[in-house]
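These are the residues of each chain, in order.
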Amino acid sequence: MTVSRILDGLERSEATGRDADAIARLGFLEWVLTQPDAVTSKDVTEALHDASVQNPTSAAARAFVDVLRAARHVSVLPVRRGGRQARHLH
């Protein structure tokens, strides 16, 4: 799933506070798990350059962008696929 589709859904959310943060983390996990390969910091940086990320308005969408920003400092996100797990975290 693309970042813009996830953000589109998050923009419709009326969640605030901890609920918005939780929904944002779920959106991030959905994005990571739907990518064809392990997500790298380069992938996250590219996602942050997507036009949809530039001006989020809902609390959940803003929290999602914050999660993306935090994730760009990780070299490879640990995702289990086929019994294998990436272990290249800093």
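Here we summarise the structure given alongside this text. (Residues numbered from 1 in each chain as written. Predicted model: local features only at pLDDT ≥ 70, side-chain atom pairs only at ≥ 80, totals over all residues. Heavy atoms only, no water.)

## A closer look at the side chain of serine 58
Looking at where serine 58 falls in the secondary structure, it is placed in the loop between α3 (41-48) and α4 (59-71). What makes serine 58 buried here is its relative accessible area of 8%. From its side chain, serine 58 meets the backbone nitrogen of alanine 61 in a polar contact 3.1 Å long. When residues no more than four places from it in sequence are discounted, the contact partners of serine 58 are Leu10, Glu11 and Ser13. (Helix = DSSP H or I, 4+ residues; strand = E, 2+ residues; numbered from the N terminus. Buried < 20%, exposed > 50% of the residue type's maximum accessible area, 1.4 Å probe, protein only. Polar contact = N/O pair within 3.5 Å; in protein donor to acceptor, adjacent residues only side chain to side chain. Contact = heavy atoms within 4.5 Å.)

## Here's the deal with the packing of helix α2 (residues 17-33) against α4
For the pair α2 and α4, the least separation of the axes is 8 Å and the interaxial angle reads 55°. By the angle class used here, α2 and α4 are oblique. As for the relative orientation of α2 and α4, their crossing is right-handed in sense. Where α2 approaches α4, its residues Ala20, Asp21, Ile23, Ala24, Arg25, Gly27, Phe28 and Trp31 are matched on the opposing element by Ala59, Ala60, Ala63, Phe64, Val67, Leu68 and Ala71. Of the residues that constitute the contact of α2 with α4, the class distribution is 12 nonpolar, 1 polar and 2 charged. (Axes fitted to C-alpha atoms, helices over the stretch in contact; angles between N-to-C directions. Parallel < 35°, antiparallel > 145°, perpendicular 65-115°, else oblique. Left-handed = near helix turned anticlockwise from the far one by under 90°. Nonpolar A, V, L, I, M, F, W, Y, C, P; charged D, E, K, R; others polar.)

## Things to note about the nonpolar core
Grouped together as the largest cluster of nonpolar side chains are 22 residues, with contacts concentrated most on Val3, Trp31, Phe64 and Leu68. Elements supplying a minimum of two residues to this core: α1 (3-11), α2, α3 and α4. Among the elements that line this core, the one with the most residues is α4, at 7 residues. The contact partners of valine 3, leaving out residues within four places of it in the chain, are Trp31, Ala47, Ser52, Val53, Phe64 and Leu68. (Core = buried A, V, L, I, M, F, W, Y, C linked by side-chain atoms within 4.5 Å.)

## Quick word on a nonpolar patch on the surface
There is a patch of nonpolar side chains on the surface, built from Leu26, Leu29 and Leu33 and spanning about 310 Å² of accessible area. For leucine 29, a relative accessible area of 45% translates into the label partly exposed. (Patch = residues over 30% accessible without salt bridge, like charges linked within 9 Å, V, L, I, M, F, W, Y side chains within 5 Å. Areas by Shrake-Rupley, 256 points an atom, 1.4 Å probe, with all protein chains shown as cover. Salt bridge = Lys/Arg side-chain N within 4 Å of Asp/Glu carboxyl O.)

## Structural notes on the pattern of salt bridges
Across all of its chains, the model carries 2 salt bridges by this definition. Here aspartate 8 and arginine 12 are joined by a salt bridge, their closest N and O atoms 2.9 Å apart. For arginine 12, a relative accessible area of 61% puts it in the exposed group. Residue arginine 69 pairs with aspartate 66 through a salt bridge whose shortest N-O separation is 3.4 Å.

## Some details on the packing of α3 against α4
It is at 9 Å that the axes of α3 and α4 come closest, and there the two elements cross at 145°. Crossing angle aside, the handedness with which α3 passes α4 is left-handed. Taking contact as the criterion, the partners of Val44, Ala47 and Leu48 in α3 are, on α4, Val65, Leu68, Arg69 and Ala71. Its residues assigned to classes, the contact of α3 with α4 shows 6 nonpolar, no polar and 1 charged.

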